[in-house]
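Coordinates in review
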Amino acid sequence: MKCKRTPVLIILCLLFMSLFLVACEKEKKQGKLSIAEQTFHMRQDTENTFTIDAKGKIRNIGDVDVKNVVVTGYCRSCPGLWGVGQWQTSPDLERMPQQKDTINYIAAGGEESFSFTEVADYLLTADRKTPELPEKLEAVIESFETVE
């Protein structure tokens, strides 16, 4: 009777030991970023076109340092179709280098500035009325890596 219980007891002890080891394993720290400030301004690109540029700050609110932070901007209220007299953007296309900014490094608790151009474009109409900034402009953190 004693011989039949020994393997079961050994297996149970190993199971409990493995559960304790898994429970004591350290939680992997992750980076966490937020847009601290964002401003958008319109500039006249050519005689007939305007573009929206962006600048702001990103704050690292996580417990670890981060690197290669890519930030870009979107005009959520702009149609994807090109036309005269309306703000236009291409939300489905890969962003060009001038349409995003890459921040090399942000320490935990730190803050860094960003800036990029061409969030949206506007082609003047025949009446040549200067446009107003569209609604629903936002800066978005596309990606980042955690420093280990």
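Residues numbered from 1 in each chain as written. Predicted model: local features only at pLDDT ≥ 70, side-chain atom pairs only at ≥ 80, totals over all residues. Heavy atoms only, no water.

1. Remarks on the packing of aromatic side chains
Working definition: an aromatic ring pair is given by the centre-to-centre distance plus the angle between the planes. The final tally for this structure, using the stated rule, is 2 aromatic pairs. Relative to tyrosine 122, the ring of tryptophan 87 has its centre 5.2 Å away and its plane inclined at 55°; by these criteria the two rings are tilted. Highlighted residues: tryptophan 87 in strand 4 (residues 87-88) and tyrosine 122 in strand 7 (residues 121-123), separated in sequence by 35 residues. Across this residue pair, the class does not change: tryptophan 87 and tyrosine 122 are buried. When the centroid spacing of 5.8 Å and the interplanar angle of 15° are considered together, the rings of phenylalanine 114 and phenylalanine 116 count as stacked. Exposure remark for phenylalanine 116: the relative accessible area of 4% places this residue in the buried category. Over the face of the ring belonging to tyrosine 74 we find arginine 76, whose NZ or CZ atom lies 4.3 Å from the ring centre. (Phe/Tyr/Trp six-rings, centres within 6.5 Å; stacked < 30°, edge-to-face > 60°. Helix = DSSP H or I, 4+ residues; strand = E, 2+ residues; numbered from the N terminus. Buried < 20%, exposed > 50% of the residue type's maximum accessible area, 1.4 Å probe, protein only. Lys NZ or Arg CZ within 6 Å of the ring centre and 35° of its normal.)

2. Points about unusual backbone geometry
In this structure, glutamate 118 takes a positive phi of about 60° despite not being glycine. With respect to the secondary-structure elements, glutamate 118 resides in the loop between strand 6 (111-116) and strand 7. Residue classification places glutamate 118 among the partly exposed positions, given a relative accessible area of 23%.

3. Describing the pairing of strand 3 (residues 66-75)
A large share of strand 3 lies buried, amounting to 8 of its 10 residues. Pairing analysis gives 6 bridges linking strand 3 to strand 5 (residues 100-106), with the strands arranged antiparallel. Looking at the pairing, valine 70 lines up with threonine 102 of strand 5. In this structure, strand 3 lies alongside strand 8 (residues 137-146), joined through 8 bridges in antiparallel fashion. Residue pairing across strands places valine 71 opposite isoleucine 141, the latter belonging to strand 8. (Pairing = 2+ DSSP bridges.)

4. A word on the confidence of the model for the protein
In the predicted model, the protein carries a mean pLDDT of 84, and the fraction of residues at 70 or more is 87%. When pLDDT is averaged over each helix and strand of the protein, the minimum, 67, is found for helix 1 (residues 2-24) and the maximum, 95, for strand 6. (pLDDT = per-residue confidence, 0-100.)

5. Thoughts on the nonpolar core
Ile52, Ile58, Val69, Trp87, Ile106, Phe114 and Val119 are the most contacted members of the largest nonpolar core, which totals 22 residues. The set of elements that each furnish at least two residues to this core consists of strand 1 (33-44), strand 2 (49-60), strand 3, strand 5, strand 6 and strand 8. Discounting residues that sit within four places of it in the chain, valine 119 has contacts with Phe40, Ile52, Ala54, Gly73, Tyr74, Cys75, Thr89 and Leu137. (Core = buried A, V, L, I, M, F, W, Y, C linked by side-chain atoms within 4.5 Å. Contact = heavy atoms within 4.5 Å.)

6. Description of the state of the cysteines
The final tally for this structure, using the stated rule, is 1 disulfide. Residue pairing for cysteine 75: its cysteine sulfur links by disulfide to cysteine 78, the two sulfurs lying 1.9 Å apart. Between cysteine 75 and cysteine 78 the sulfur-sulfur dihedral comes to about 70°; the bridge is accordingly right-handed. When sorted by exposure, cysteine 75 lands in the same class as cysteine 78, which is buried. (Disulfide = S-S within 2.5 Å.)

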